[in-house]
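# Notes for the structure review
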Amino acid sequence: MSRGSTNEFTLIFRIKPGQGAQLREILSQSDLEREAQIQARIGTLHDARWVLFDDDTRLLFASNFDGDWDVYIDDFAALIPDVFDGILQHTEDYPGIRDPKIKDFVMAHQHTASGYSRAIPDATVKELKKSLRVNRAFQELLDAGAT
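The text that follows walks through the structure, step by step, so that each part is easy to find. Since this is a predicted model, take the numbers as computed values, not measurements. (Residues numbered from 1 in each chain as written. Predicted model: local features only at pLDDT ≥ 70, side-chain atom pairs only at ≥ 80, totals over all residues. Heavy atoms only, no water.)

We now examine a positive patch on the surface. Where like charges cluster on the molecular surface, the positive patch consists of Lys126, Lys129, Lys130, Arg133 and Arg136. Position of Lys126 relative to the elements: it lies in helix 6 (residues 125-146). Relative accessible area serves as the criterion here: at 69%, Lys126 is assigned to the exposed category. (Patch = residues over 30% accessible without salt bridge, like charges linked within 9 Å, V, L, I, M, F, W, Y side chains within 5 Å. Areas by Shrake-Rupley, 256 points an atom, 1.4 Å probe, with all protein chains shown as cover. Salt bridge = Lys/Arg side-chain N within 4 Å of Asp/Glu carboxyl O. Lys, Arg positive; Asp, Glu negative; His and termini not counted. Charge placed at Lys NZ, Arg CZ, Asp CG, Glu CD. Helix = DSSP H or I, 4+ residues; strand = E, 2+ residues; numbered from the N terminus. Buried < 20%, exposed > 50% of the residue type's maximum accessible area, 1.4 Å probe, protein only.)

The next thing to look at is helix 3 (residues 69-79). The complete set of buried residues in helix 3 reads Trp69, Tyr72, Ile73, Asp75 and Phe76. Relative to the axis of helix 3, the buried residues are bounded by an arc of 150 degrees and lie together on one face. Contacts made by the buried residues of helix 3 are with strand 2 (6-14), strand 3 (45-53), strand 4 (58-66), helix 4 (81-88) and helix 5 (102-109). Capping the start of helix 3, Asp68 holds a side-chain oxygen 3.1 Å from the backbone nitrogen of Asp70, two or three residues further along. (Arc of directions from axis to C-beta. Contact = heavy atoms within 4.5 Å. Polar contact = N/O pair within 3.5 Å; in protein donor to acceptor, adjacent residues only side chain to side chain.)

Turning next to the pairing of strand 4. Among the nine residues of strand 4, eight are classified as buried, and the element is accordingly described as predominantly covered. Here strand 2 runs beside strand 4; their pairing, made up of nine bridges, is antiparallel. Within strand 4, the residue paired with Leu11 across the bridge is Phe61. Examined bridge by bridge, strand 3 and strand 4 share eight bridges and lie antiparallel to one another. Residue pairing for strand 4: Phe53 is matched across the bridge by Arg58. (Pairing = 2+ DSSP bridges.)

Here you go:
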C-alpha cells in the first residue's frame, strides 16, 4: 500500500524451532549500529523495525520506503546483504539474500497493511534530508545576523 511517494512494507516469518532466543539476542545487540548501516546504505528507507512475537516463534519486519518495490528489494541484496542474512537465516525456508528466488520468498511472506498513513506522504527521504540541511543553514544565517 502506498501514500504519496512512500510505500509500506510488512513481512512476517516463522522462526526455526529453538532459534527464537538466539534471534532475540541478535536483534538486541548493536541495534543502533545495524540501523545506522541500513539507513546510510538504503537511501529510500524512512524507517524499519523488527518484532519477535508469538513467544518468539514469528518475526515481523516492517518498513516504509520511497519508490519501486523491485529496486528496494534489490538494494537490500546489493547494499546490506549481511544484515539480512544474519537475521533471516533463523527463519524457515530462507534461501539467502543472493538467491535468485529471494523475491519469491519475500512475496510469499509479504502482507499488505490493512491501514497505512504518513504525516507527509509526498516527502521522500532525499527531500526530507535536503529540507533539514536548508533549515540548518537558514537557522545559522539567522543566528549569525542576531550577533
